[in-house]
Amino acid sequence: MVTDLSRLALNTASLGHNLDGHGQGWPVERVIDGCAARGYGGIVFWRRELGDRPDVIGDRVRAAGLQVVGLCRTPFLVGPDAPASMDETRAAIDTAAALGAPVLTIVVGGVEPGLKGIGTSLDRLADRVARAAEIAAATDVRLALEPLHPVYAGNRSCLVSLGDALEVCDRVGADNVGVAVDVYHTWWDRSLPEMMARAGPDRLLGVHLCDWLADTQDVLLDRGMMGDGVADIAGLCRDADAAGYTGAHEVEIFSARTWWRKDPGEVLDTIAARYSDICQPS
Ligand code: ZN
């Protein structure tokens with residue numbers, strides 16, 4: 001039993017805070033205190049929680065002895081739901097900078113309207129990531145491309161593998177652009193250890209944890225608590241460390257059916273216990 005939780009970070013999505021009508025409505029300050037009391041090392045927020053006071057909330061986190069690990073996320077950069085301009089991306093970068101978040105996650109968006117397959121959409125994505133990297137270069141914020149499970153390729157992420165994410169990084173060629181690896185999206189990919197090694201410590205900017213339930217009911221909102229599914233979470237953490245990753249393990253559980261219905265204190269306790277039992281690289 002490992003009790004050092006200094007690498008454990010809560011992604012507030014695990015408490016349902018990122019969607020209307022979900023979660024138990026704890027204010028941000030209570031979430032911060034709840035994580036600090038349990039010895040968590042950090043927190044990852046969603047933009048909607050921060051309002052017009054990201055700087056105040058960032059300071060509140062640090063005063064509680066925690067790190068702001070990251071911010072979720074930019075708007076889509078490609079696909080049917082991508083905004084026409086980069087204005088909102090710029091605003092997300094500015095919010096991350098004000099919060100003091102070292103990493104801003106990018107969920108890239110789906111296949112561009114009118115196109116078939118993912119290749120040309122990835123070409124356009126590389127152009128837009130390059131523009132975002134130019135904007136972010138004025139700040140200390142780095143951008144993490146997060147490949148999603150292929151089931152989302154149509155409308156949420158034409159970026160579906162770590163290999164493709166690294167190819168986009170290579171094409172952009174900016175030292176403030178890297179990748180995030182999420183158990184939920186990548187647990188099935190047997191090339192993951194090799195790809196994380198290729199990413200290396202300079203580009204591996206985040207590791208997100210949850211579990212893949214064998215009998216998943218909803219691919220968006222039925223993620224499992226670590227230990228309840230079939231993903232090799234400790235193995236992924238071990239492979240990430242072997243690739244040079246030294247950052248946080250961010251727990252991100254979208255669970256409308258189960259965990260979002262529970263008391264947030266119980267969820268925080270369970271995350272800490274499961275992380276200690278199941279997730280630590282040996
Ligand atoms: Zn994630």
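Structure shown above.
Just so you know, the residues in each chain are numbered from 1, in the order the chain's sequence is written. Where local features are concerned, this predicted model is filtered to residues with pLDDT of at least 70; where side-chain atom pairs are given and counted, the filter is 80 or more; whole-chain, interface and lining totals use all residues. The basis for every side-chain value is the complete set of heavy atoms in the structure, and neither hydrogens nor water enter the calculation.

1. Considerations on the coordination of the zinc ion
Sites may look incomplete because water is not among the atoms; the donors themselves are N, O and S atoms within 2.8 Å of the metal, or within 3.2 Å for Na, K and Ca. All of the protein donors around the zinc ion are Glu146 (OE), Asp182 (OD), His208 (ND1) and Glu252 (OE); their distances to the metal are 2.1 to 2.2 Å. All donors to the zinc ion come from one chain, and their sequence spacing reads E-x35-D-x25-H-x43-E. Of this pair, glutamate 146 sits in the loop between strand E5 (142-145) and helix H6 (162-172) while glutamate 252 sits in the loop between strand E8 (249-251) and helix H10 (264-279), placing them 106 residues apart in sequence. Relative accessibility decides the category of a residue: with a 1.4 Å probe and only protein chains considered, values under 20% of the type maximum give buried, values over 50% give exposed, and everything between is partly exposed. Judged by its relative accessible area of 3%, glutamate 146 falls in the buried class. A relative accessible area of 4% means that glutamate 252 is categorised as buried. To qualify as a helix, a DSSP run of H or I must reach at least 4 residues; to qualify as a strand, a run of E must reach at least 2; elements of each kind are numbered from the N terminus.

2. Section: helix H1 (residues 28-37)
Of all the positions in H1, only Val28, Val31, Ile32, Gly34 and Cys35 are classed as buried. Down the axis of H1, the sector holding all buried residues measures 165°, keeping them to one side. Considering only its buried residues, H1 is in contact with strand E1 (8-11), strand E2 (42-46), helix H2 (47-50), helix H3 (54-63) and H10. When we speak of the arc, we mean the arc of directions from the helix axis to the C-beta atoms. When checking whether two residues touch, look at their non-hydrogen atoms; a contact exists if any pair is within 4.5 Å.

3. What to know about H3
Residues of H3 that are buried include every one of Pro54, Ile57, Gly58 and Val61, and no others. Here the buried residues of H3 occupy an arc of 100° about the axis, which is enough to place them on one side. On its buried face, H3 sits against H1, E2, H2, strand E3 (67-72) and helix H4 (87-99). Just downstream of H3, glycine 65 is the residue with a positive phi angle, here 85°.

4. A closer look at the state of the cysteines
Whenever a pair of cysteine sulfur atoms sits within 2.5 Å, that pair is classed as a disulfide. By the definition in use, this model includes 0 disulfides. Unpaired in terms of disulfides, cysteine 237 finds its nearest cysteine sulfur in cysteine 279, a separation of 5.9 Å. Given a relative accessible area of 0%, cysteine 237 falls into the buried group.

5. Looking at the packing of helix H5 (residues 119-136) against H6
Their axes nearest at 9 Å, the elements H5 and H6 cross at an angle of 55°. Considering the angle they form, H5 stands oblique to H6. Note on packing geometry: the crossing formed by H5 with H6 is right-handed. Residues Leu122, Asp123, Leu125, Ala126, Val129, Ala130 and Ala133 of H5 form the contact with H6, whose own contacting residues are Asp164, Val168, Arg171 and Val172. Following the grouping adopted for this structure description, the nonpolar residues are Ala, Val, Leu, Ile, Met, Phe, Trp, Tyr, Cys and Pro, the charged ones are Asp, Glu, Lys and Arg, and the polar ones are all others, Gly among them. Among the residues making up the contact of H5 with H6, the classes are represented as 8 nonpolar, no polar and 3 charged. Fitted lines through C-alpha atoms serve as axes, helices being fitted only where they are in contact, and the angles separating the N-to-C directions of these axes extend from 0 to 180 degrees. Reported orientations rely on four angle classes, namely roughly parallel under 35 degrees, roughly antiparallel over 145, roughly perpendicular from 65 to 115, and oblique for the rest. Take the far helix as your reference; a near helix turned counterclockwise from it by less than a right angle gives a left-handed crossing, and one turned clockwise gives a right-handed crossing.

6. Concerning the nonpolar core
Note on terminology: a nonpolar core comprises buried Ala, Val, Leu, Ile, Met, Phe, Trp, Tyr and Cys residues joined through side-chain atoms within 4.5 Å. Ranked by internal contacts, the top residues of the largest apolar core, which has 85 residues, are Phe45, Leu209 and Met226. Here the element with the most residues in this core is H5; it accounts for 8 residues. For methionine 226, the residues in contact, after removing those within four places along its chain, are Leu209, Cys210, Asp211, Ile233, Val251, Ile253, Ile271, Arg274, Tyr275, Ile278 and Cys279. Counting residues in each nonpolar core, the second largest holds 11 residues, with Ala9, Cys72, Phe254 and Trp260 among its members.

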